[in-house]
Amino acid sequence: MSVIIAPSILAADFGNLQRDCEMVNNSKSDWFHLDIMDGVFVPNISYGMPIINKINEVATKTLDVHLMIIDPERYIETFKNVGADILTVHYEACTHLHKTIQSIKSNGMKAGIALNPHTSVDLLKDVLNDLDLVLVMSVNPGFGGQSFIENTYEKVRNLRILREKSGSDFIIEIDGGVNITNAPKLIEAGADALVAGSFVFKSDNPTQTIEDLKNC
Ligand code: DX5
Ligand code: ZN
């Protein structure tokens, strides 16, 4: 199966949001990646429900929502209502992570856990079989356009081993600083899905850039 490509709308032109969403619809990408930041869990605020609603109206592909907010369980139903298909919460932001995962699934969405660069994949051992996706942050969350952290390859390899040992089948997604140079190495290490923001939207031809990533 070819790698899943999820362009991050954070890097889109918000003055031309519909145009950029239609570009994603008409490209070889698989998902829309939506980054939600609360200014508390991460030192940045992104966008909220009115924008997500608008994206949902235009988007014809899976909405992959990445919550960088504290206590995300408060908003699970709200994100379902604005069209999230996959809802990913941060390991570091949840006190009752197992309960949060169950709640995402009982609201009819796929459930993911995101790990900050310093958080070991080993900490997921007791919930691996409950997950649909693990998002490995390859930058510190909060901003697009940062440099890729090289230790990510090792994390992805370890996560793949854990997945094999546990007999689970979650998707391994990588987020931050992804480009055409590190994408093949990430796929070789075990990545199933790649988020790309700046590399896609700041390129001369985003549609072609998505296709290049897809063909890695
Ligand atoms: C960062 C976000 C990323 C970001 C990726 O906190 O989670 O999804 O948009 O952007 P690039 O690809 O520019 O690093
Ligand atoms: Zn993200």
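Residues numbered from 1 in each chain as written. Chains lettered and ligands numbered in written order. Predicted model: local features only at pLDDT ≥ 70, side-chain atom pairs only at ≥ 80, totals over all residues. Heavy atoms only, no water.

**Q** Is there a simple way to think about the site of ligand 1 in this case?
**A** Among the 20 residues in the neighbourhood of ligand 1, the closest are listed as Asp35, Gly142, Asp175, Gly197 and Ser198. One nitrogen or oxygen atom from the side chain of Ser198 is found 2.5 Å from an oxygen atom belonging to ligand 1. Considered on its own, ligand 1 offers 380 Å² of accessible surface; in the complex 98% of this is hidden by protein. Of all elements in the fold, only strand 2 (31-37), strand 3 (62-68) and strand 8 (193-196) reach the threshold of two or more residues within the shell around ligand 1. Per-element accounting of the shell around ligand 1 gives the leading share, three residues, to strand 2. Within the shell around ligand 1, the residues separate by chemical class into eight nonpolar, 10 polar and two charged. (Near = heavy atom within 4 Å. Polar contact = N/O pair within 3.5 Å; in protein donor to acceptor, adjacent residues only side chain to side chain. Areas by Shrake-Rupley, 256 points an atom, 1.4 Å probe, with all protein chains shown as cover. Helix = DSSP H or I, 4+ residues; strand = E, 2+ residues; numbered from the N terminus. Nonpolar A, V, L, I, M, F, W, Y, C, P; charged D, E, K, R; others polar.)

**Q** Help me understand the packing of helix 1 (residues 17-25) against helix 2 (residues 49-58), please; the structure alone is not making it clear to me.
**A** The geometry of a pair of packed helices is captured by two quantities: the angle between their axes and the separation between those axes. Look at helix 1 against helix 2: their axes get within 9 Å of each other, and the N-to-C directions meet at 45 degrees. By the angle class used here, helix 1 and helix 2 are oblique. Helix 1 and helix 2 meet at a crossing whose hand is right-handed. Between helix 1, through Leu17, Gln18, Cys21, Glu22 and Asn25, and helix 2, the contact on the second element is made entirely by Ile51, Ile55 and Val58. Broken down by class, the residue content of the contact of helix 1 with helix 2 amounts to five nonpolar, two polar and one charged. (Axes fitted to C-alpha atoms, helices over the stretch in contact; angles between N-to-C directions. Parallel < 35°, antiparallel > 145°, perpendicular 65-115°, else oblique. Left-handed = near helix turned anticlockwise from the far one by under 90°. Contact = heavy atoms within 4.5 Å.)

**Q** Even after reading the chapter, I still don't get the coordination of the zinc ion (ligand 2), so can you show me in this structure?
**A** Tetrahedral coordination by four donors puts the ideal angle at the metal at 109.5 degrees, and octahedral coordination by six puts it at 90 or 180 degrees. Coordination sphere of the zinc ion (ligand 2), protein contribution only: His33 (NE2), Asp35 (OD), His66 (ND1) and Asp175 (OD), at 2.0 to 2.3 Å. Relative to the metal, the six donor atoms surrounding the zinc ion (ligand 2) lie at angles of 70 to 169 degrees, and the coordination shape comes out octahedral. Between consecutive donors of the zinc ion (ligand 2), the numbers of intervening residues give the motif H-x1-D-x30-H-x108-D. Pair noted here: His33 is in strand 2 and His66 is in strand 3, with a separation of 33 residues, a long-range link. Considered together, His33 and His66 belong to a single accessibility category, that of buried residues. (Donors = N, O, S within 2.8 Å, 3.2 Å for Na, K, Ca; no water. Tetrahedral: all angles 85-135°; square planar, octahedral: opposite > 155°, others 65-115°. Buried < 20%, exposed > 50% of the residue type's maximum accessible area, 1.4 Å probe, protein only.)

**Q** What's the story with helix 2 in this structure? I'm lost.
**A** Since there are 3.6 residues in each turn of an α-helix, residues three or four apart along the chain are aligned in direction. When helix 2 is considered as a whole, its buried residues turn out to be Ile52, Ile55 and Val58. Mapping the buried residues of helix 2 onto a view down its axis gives an arc of 125 degrees, with all of them on the same face. Projecting away from the buried face of helix 2 at angles above 90 degrees are the exposed residues Pro50 and Glu57. Of the surrounding elements, those touching the buried residues of helix 2 are helix 1, strand 2, strand 3 and helix 3 (76-81). (Arc of directions from axis to C-beta.)

**Q** What is the right way to look at the pattern of salt bridges in this model?
**A** Side chains that carry opposite charge are capable of pairing whenever their charged atoms lie near each other. Per the stated rule, a full pass over the model turns up seven salt bridges. Arg19 serves as the salt-bridge partner of Asp20, at 3.1 Å between the closest nitrogen and oxygen. Residue Lys54 is joined to Glu57 by a salt bridge in which the shortest nitrogen-to-oxygen separation is 3.2 Å. Remark: Glu57 and Lys54 occur in helix 2; sequence separation between them is three residues, near one turn of the helix. Classification of Lys54 as partly exposed rests on a relative accessible area of 41%. A residue is classified by how much of its surface remains accessible, and Glu57, at 59% relative accessible area, is exposed. The network of salt bridges with shared partners includes Asp13, Arg19 and Asp20. (Salt bridge = Lys/Arg side-chain N within 4 Å of Asp/Glu carboxyl O.)

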